[in-house]
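A structural walkthrough
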Amino acid sequence: MSQSQSPTHTFALIDAADLTGLNTLGLPARAQRLARPTTLDALSQVLAERDPAEPLFVIGEGSNVVICSDLPGLTLSLAIDGMARVKQDNTHVWVAAGAGVHWDDLVAWTVEQGWQGLENLSLIPGTVGAAPFQNIGAYGVELSQLLEQVTVMDVATAQVKHFAGNECEFAYRDSRFKSRDRGRYIITGIELRLNKMPQCNVGYGPLKARFGHLSQADILPAAVREHVIAVRQSKLPAPDVLANAGSFFKNPVVTKERGDALKSRFADLVAYTQPDGVKLAAGWLIEQAGWKGKRLGPVGMHSEQALVLVNHGNATSADVIALAEAVCADVQEKFGVALEQEPVLLP
Ligand code: EPU
C-alpha cells in the first residue's frame, strides 16, 4: 500500500486501501484509491483531479453497505467536520453539521444543549452525510421531519448546491440522493431545525410505555435519549462487537387487501396501517420463517432482532448474499411477501 500527499493537497490518496474497517459488516475488500477530504476545497480538488470516466464511490462509516468486491476507481470517505448553531429565534435553533461527523456525536451534542428533535435517533451508526441519503429513522421519527437543507457538491462540476428538505424527495429509507440522483451529488453537510422547548415524540411502543403518562413539559430529550439507547442496546448489536449493517431489509408495504388476508391467516401478524397500504414488521416475518438466531455459515440473523444480519466472523459478501437470498425465499414461500434489501450493494 502506498500513500501520497503532495504539499499542495489537503487530502491523502491511499492506494489499495483496506476497507474492512470502513464497513460495519466487516467484509474484506480494498478500494483502488481512497481519499478522505476534510474540507469542501479538498473535495473539489479531488474531483478536479479525477478522470470523469473513473468509477466513484462514497461511503461514510460503511454502516449501510454490502461491499461485494474490491472497489475500482476512487472511493471517498468524507472527513468534513464541524457542528454549530447557525441561527435561532424564540422557539427554534438551526444547527449545521459536516458530512464526516459521527451521527451520534451530533445527537449527543444537541441533546446536551437541551434542544429537542434528534433524541429518538440516538445511537444510529454512521455519519451525518449518510443520514439524508437513506432518510434514517427510528422510534417514530425520520430525519426528513427535522431537515432544513442538505448541502451537496455536484460530482460533474464541483459546484456546491443546497436542497431544501422538501426538495430531497424523502420517503421511507429513501431520498433523491439514494434513488434518481444516485452518483450525481456528494452530500457534504446538513442543516436541521430543532426545538428549544421539549415536545418529544413518545408515541412509539417502548417510549410510550416509559413516558406516556407524563406531560410534554416533563419529558426531557436527555431522558428520551437515554431510554432509546437502552432499548437499542437490548436488541441491536453494536457493530464493533458483532459486525452488522442494521436492519438488513425494509419493512414491506402491502395492499390493505393483502394485509387483511395475511391477518386472517396469521392472527399475531405485526402490521401498521399506512396511507398507501399496510406496513409489515419484517423482523416478525423472518422470525416466523424460522430465521431468528439461525446461522448459515459465518453469518446469521440476530438472536434478539431477526431483521439484523450479523457477521459472526470472517464472512464474505457471498455468505451475506446467500443468507439474504435464503431468508427472502422462505419469507416469500410462507407469506407470499417479497423483502427488499436495505443496505446498498457496492460496487
Ligand atoms: N419483531 C419480531 N421479531 C423480531 C423483530 C421484530 O417479532 O425478531 C416484531 C416485534 O413485534 C416488534 C416489531 O417487529 O414489535 C417491530 O420491531 P422493532 O421495534 O425492533 O422495529 P423494526 O420495525 O424491526 C424499524 C427500523 C429500525 C428502527 C426500529 C425502531 C426498518 C427497516 N428498521 O425496525 O431501523 O431502529 O424500527 O424504530 O424500518 C435500520 O434501519 O437499520 C434500523 C435499525
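1. Some remarks on the site of the ligand
Neighbouring the ligand are 24 residues; Tyr139, Tyr172, Tyr204, Glu287 and Gln305 lie closest to it. Coverage of the ligand by the protein amounts to 83% of the 810 Å² it exposes when considered alone. Secondary-structure elements contributing two or more residues to the shell around the ligand are strand 9 (137–138), helix 5 (221–235), strand 14 (243–247) and helix 7 (282–288). Of all the elements, helix 7 adds the most residues to the shell around the ligand, at three residues.

2. What to know about the environment of Ala267
Residue position: Ala267 is located in the loop between helix 6 (256–265) and strand 16 (271–274). With a relative accessible area of 66%, Ala267 lands in the exposed category. Between the alpha carbons of Ala267 and Ala96 there is a distance of 46 Å; along the sequence they are 171 residues apart.

3. With respect to unusual backbone geometry
Put simply, Leu346 and Pro347 share a cis peptide bond, and its omega is -5°. A positive phi is found at Asn135, a non-glycine position, where the angle reads about 45°. At Asn314, a position not held by glycine, the phi torsion is positive, near 65°. Along the polypeptide, Asn314 turns up in the loop between strand 20 (308–311) and helix 8 (317–335). Residue class for Asn314 comes out exposed when judged on its relative accessible area of 78%.

4. Considering the pattern of salt bridges
Tallying each qualifying case throughout the model produces ten salt bridges. Across the pair Lys256 and Asp260 runs a salt bridge, and its minimum N-O distance is 2.8 Å. Of the two residues, Lys256 and Asp260 both sit in helix 6, four residues apart, roughly one turn of that helix. Look at Asp260 and you get partly exposed, because its relative accessible area is 41%. In the salt-bridge network here, residues are joined through shared partners; they are Glu169, Arg176, Arg180, Asp181 and Arg184.

5. Remarks on the nonpolar core
Trp103, Leu106, Leu118 and Leu192 are the most contacted members of the largest nonpolar core, which has 39 residues in total. Those elements that place two or more of their residues in this core are strand 8 (92–98), helix 2 (103–112), strand 11 (147–154), strand 13 (185–195), helix 4 (205–211) and helix 5. A total of five residues in this core trace back to one element, the largest contributor, which is strand 13. In this structure, Leu118 is in contact with Trp103, Leu106, Val107, Thr110, Leu146, Leu192 and Leu194, ignoring residues within four places of it in sequence. Formed by 33 residues, the second largest nonpolar core is a distinct cluster that contains Phe249, Ala306, Leu307 and Leu309.

6. Considerations on the domain arrangement of the protein
Domain boundaries assigned for the protein yield domain 1 (3–76), domain 2 (83–235) and domain 3 (243–346). Taken over C-alpha atoms, the centre of domain 2 sits 26 Å from the centre of domain 3. Each partner contributes to the interface: domain 2 provides eight residues, whereas domain 3 provides eight residues. Together, the buried faces of domain 2 and domain 3 total about 730 Å²; carbon and sulfur atoms form 47% of this surface. Arg173 serves as the salt-bridge partner of Glu342, at 3.4 Å between the closest nitrogen and oxygen. For the pair domain 2 and domain 3, the number of links is three residue pairs in polar contact (both at pLDDT 80 or more). Looking at the side of domain 2 that touches domain 3, its residues break down into two nonpolar, two polar and four charged.

7. Remarks on the side chain of Thr151
Following the sequence through the fold, Thr151 ends up in strand 11. Judged by relative accessible area, which is 14%, Thr151 ranks as buried. Of the polar contacts made by the side chain of Thr151, one reaches the side chain of His162; its length is 3.1 Å. Not counting residues within four places of it along the chain, the set of residues in contact with Thr151 comprises Val160, Lys161, His162, Ile186, Ile187, Thr188 and Gly189.

8. Observations concerning the sheet that holds strand 12 (residues 160–164)
Spatially, five strands are ordered 7-8-13-11-12 in an open sheet, and the strand pairing comes out antiparallel. Two strands in the sheet have a free side with no partner beyond their single neighbour: strand 7 (83–88) and strand 12. The sheet shows a mean angle of 25° between the axes of neighbouring strands, direction not considered. As judged from the five bridges shared by strand 7 and strand 8, these two strands associate in the antiparallel manner. Within the sheet, the bridge partner assigned to Arg85 lies in strand 8 and is Val95.

9. Looking at the side chain of Lys250
For Lys250, the position within the fold is in the loop between strand 14 and strand 15 (253–254). Here Lys250 falls in the buried class, since its relative accessible area comes to 12%. Sequence-distant contacts of Lys250, that is, excluding residues within four places in its chain, are made with Tyr172, Arg173, Lys178, Ala282, Leu339, Glu340 and Glu342.

Rules used throughout
- Residues numbered from 1 in each chain as written.
- Predicted model: local features only at pLDDT ≥ 70, side-chain atom pairs only at ≥ 80, totals over all residues.
- Heavy atoms only, no water.
- Near = heavy atom within 4 Å.
- Areas by Shrake-Rupley, 256 points an atom, 1.4 Å probe, with all protein chains shown as cover.
- Helix = DSSP H or I, 4+ residues; strand = E, 2+ residues; numbered from the N terminus.
- Buried < 20%, exposed > 50% of the residue type's maximum accessible area, 1.4 Å probe, protein only.
- Salt bridge = Lys/Arg side-chain N within 4 Å of Asp/Glu carboxyl O.
- Core = buried A, V, L, I, M, F, W, Y, C linked by side-chain atoms within 4.5 Å.
- Contact = heavy atoms within 4.5 Å.
- Domains from an automatic or database assignment.
- Buried area = accessible area lost by both parts, 1.4 Å probe.
- Polar contact = N/O pair within 3.5 Å; in protein donor to acceptor, adjacent residues only side chain to side chain.
- Nonpolar A, V, L, I, M, F, W, Y, C, P; charged D, E, K, R; others polar.
- Pairing = 2+ DSSP bridges.
- Axes fitted to C-alpha atoms, helices over the stretch in contact; angles between N-to-C directions.

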